[in-house]
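The residues making up each chain are set out below.
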Amino acid sequence: MKLKLHWQIFIALIAGVLFAFVGRSFDFETIITTKISVLGDIFLRALRMIIVPLIMSSIISGVTSIGSAQNFGRLSLKTIGYYVMTSLFAIVTGLILVNIFRPGVGANLGLDRMPEDLNANVEKIGDTLLNIIPTNPIRAMVEGDILSIIFFSLLFGFFITRVSEPYKTQLTNFFQAIFEVMMKLTHLIIRFTPVGVFAIIAKLVAETGVDVFIPLAGYMVTVISGLLIHAFITLPLLLSIIGGISPLAHFKAMSAALLTAFSTSSSSATLPLTIDSIENNAGASNRVSSFVLPLGATINMDGTALYECVAAMFIAQAYGIELAIGQQFIVVLTALLASIGAAGIPMAGLVMITIILRAVGLPLEGVGLILSVDRILDMMRTATNVWSDSCGTVLIARSEGETDLKVLRGLNQPVTK
Ligand code: ASP
């Protein structure tokens, strides 16, 4: 019997950790970080290879099936409403925990190394909104500028439905065909996920020891508990109460994508698996998922939002600066903005903290305090980000009247591969 994909990935993950520990004890960790890691690079490159054509064809074929402008408007409102609402839930969870645990108070931390490009990133967020409109869509594709690609694809897809026949059918079929091809290609790459995950995790563990975690344990526990509460209580409650969806069945359906998000720390790189799991395992339509998922992978980051808030508050506490309620409110709002602005790539959230620090007048060097443990928290927040995108997709699919979801409560179990 063939082992299901998520089990294969899970075993690869554990094997990667063990292998790295063996490597560290027997001094062959450089072989892991230089040679074995190539397998991880191949996997990540393959995923990145398909992202632009996959997003474009997915959105265009999805939008052509949405139909009228009215449907389109309704779907957009629901999607944005879900993103903002769940991100705020996450931030407030983090804010409450960081005020209860107060992990930064009395923390005696030497400044670590500074991340590069702090200022460059602060400038970038101001332009983010404007940059959504590409001056040249082809350049946006070449540079992998996901938000601009989404913007152009949405418009392009929408106006396909507005042209006369035969062009309408020709173009609809054309992009549908590309999407089918991209999904086939995705399936091939997905088969190699266990190998990729093994190599990525082995390299990560071989490079980082566990001793860096000790001085920041309180901070890590705060972030991780917040993420767990959001992922295992808040979102499942929404699934169950609003959508009548079984959180457990949905979790099983999404497990391969979630493990990949955890291992790669990148929502964008995970997107092909997210789309695949949502459509084939959870049973949501391409009409909804092609709209909600690519956008979600770019702007809906609940885990990142929670982390931004906790990290900024931690830095304030570590510097002995009390933030008043008004300032904490600014932290909440800027954490939301920072999570929207963060790209779906590893460590994007870390540099975005500078936006919050600026807004409430904290020293930017504070980011250096939390740098050493960022990667492990990044893995967890990325999995939370992808989990929230997937929950949003099935909730919206449900509200759009999709009754054939495979994850509805009390119905058949999902067919995971
Ligand atoms: N790595 C995260 C993601 O891709 C973003 C972040 O750094 O918080 O979802």
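Below is a short write-up of the structure. (Residues numbered from 1 in each chain as written. Predicted model: local features only at pLDDT ≥ 70, side-chain atom pairs only at ≥ 80, totals over all residues. Heavy atoms only, no water.)

Comments concerning the environment of Leu 295
And then number 1: Within the fold, Leu 295 resides in helix H12 (residues 286–299).
And then number 2: Taking the C-alpha atoms as reference, Leu 295 lies 9.8 Å from Tyr 83; in sequence the two are 212 residues apart.
And then number 3: Once residues lying within four places of it in the same chain are set aside, the contact partners of Leu 295 are Tyr 83, Ile 150 and Asn 300. (Helix = DSSP H or I, 4+ residues; strand = E, 2+ residues; numbered from the N terminus. Contact = heavy atoms within 4.5 Å.)

Structural notes on the site of the ligand
And then number 1: In the vicinity of the ligand, 16 residues are found, and the nearest of them are Ser 267, Thr 304, Gly 349, Asp 378 and Arg 381.
And then number 2: One of the backbone N or O atoms of Gly 349 is found 2.7 Å from an oxygen atom in the ligand.
And then number 3: Residue Asn 385 places a side-chain N or O atom 2.9 Å away from an oxygen atom belonging to the ligand.
And then number 4: For the ligand, the accessible surface in isolation is 270 Å², of which the surrounding protein chains cover 100%.
And then number 5: Counting residues per element, the ones that place at least two in the shell around the ligand are helix H15 (348–359) and helix H17 (374–399).
And then number 6: At 4 residues, the largest contribution of residues to the shell around the ligand is made by H17. (Near = heavy atom within 4 Å. Polar contact = N/O pair within 3.5 Å; in protein donor to acceptor, adjacent residues only side chain to side chain. Areas by Shrake-Rupley, 256 points an atom, 1.4 Å probe, with all protein chains shown as cover.)

Considerations on the packing of aromatic side chains
And then number 1: Under the criterion given, the structure shown has 12 aromatic pairs.
And then number 2: Residues Phe 72 and Phe 291 carry aromatic rings whose centres are separated by 5.7 Å and whose planes lie at 70 degrees to one another, so their mutual orientation is edge-to-face. Here Phe 72, found in helix H3 (residues 69–101), pairs with Phe 291, found in helix H12; they are 219 residues apart in sequence, far enough to count as distant.
And then number 3: Of the residues examined, Phe 72 reaches a relative accessible area of 19% and is grouped as buried.
And then number 4: Ring plane angle 35 degrees and centroid distance 4.6 Å describe the contact between Tyr 219 and Phe 314, whose orientation is recorded as tilted. Of this pair, Tyr 219 sits in helix H9 (residues 217–243) while Phe 314 sits in helix H13 (residues 302–318), and the two are 95 residues apart along the sequence. Both residues of the pair, Tyr 219 and Phe 314, belong to the buried class.
And then number 5: Put simply, the rings of Phe 72, Phe 158, Phe 159 and Phe 291 pair up and form one aromatic cluster. (Phe/Tyr/Trp six-rings, centres within 6.5 Å; stacked < 30°, edge-to-face > 60°. Buried < 20%, exposed > 50% of the residue type's maximum accessible area, 1.4 Å probe, protein only.)

With respect to the nonpolar core
And then number 1: In this structure, Ile 55, Ile 245, Trp 387, Val 394, Leu 405 and Val 407 are the most contacted members of the largest nonpolar core, which totals 83 residues.
And then number 2: Considering every element that reaches this core, the biggest residue donor is helix H2 (residues 29–66), with 15 residues.
And then number 3: Ranked by size, the runner-up nonpolar core spans 38 residues in total, among them Leu 216, Leu 227, Cys 309 and Ile 353. (Core = buried A, V, L, I, M, F, W, Y, C linked by side-chain atoms within 4.5 Å.)

Section: a nonpolar patch on the surface
And then number 1: Taken together, the side chains of Val 38, Leu 39, Ile 42, Met 49, Leu 185, Leu 188, Phe 192 and Val 195 present a nonpolar region at the surface, about 700 Å² in accessible area.
And then number 2: Within the residue set of the nonpolar patch, elements represented by two or more residues are H2 and helix H7 (167–191).
And then number 3: For the nonpolar patch, the element with the highest residue contribution is H2, accounting for 4 residues.
And then number 4: Topologically, Phe 192 is positioned in the loop between H7 and helix H8 (193–207). (Patch = residues over 30% accessible without salt bridge, like charges linked within 9 Å, V, L, I, M, F, W, Y side chains within 5 Å. Salt bridge = Lys/Arg side-chain N within 4 Å of Asp/Glu carboxyl O.)

Keep in mind these values describe shape, not function.
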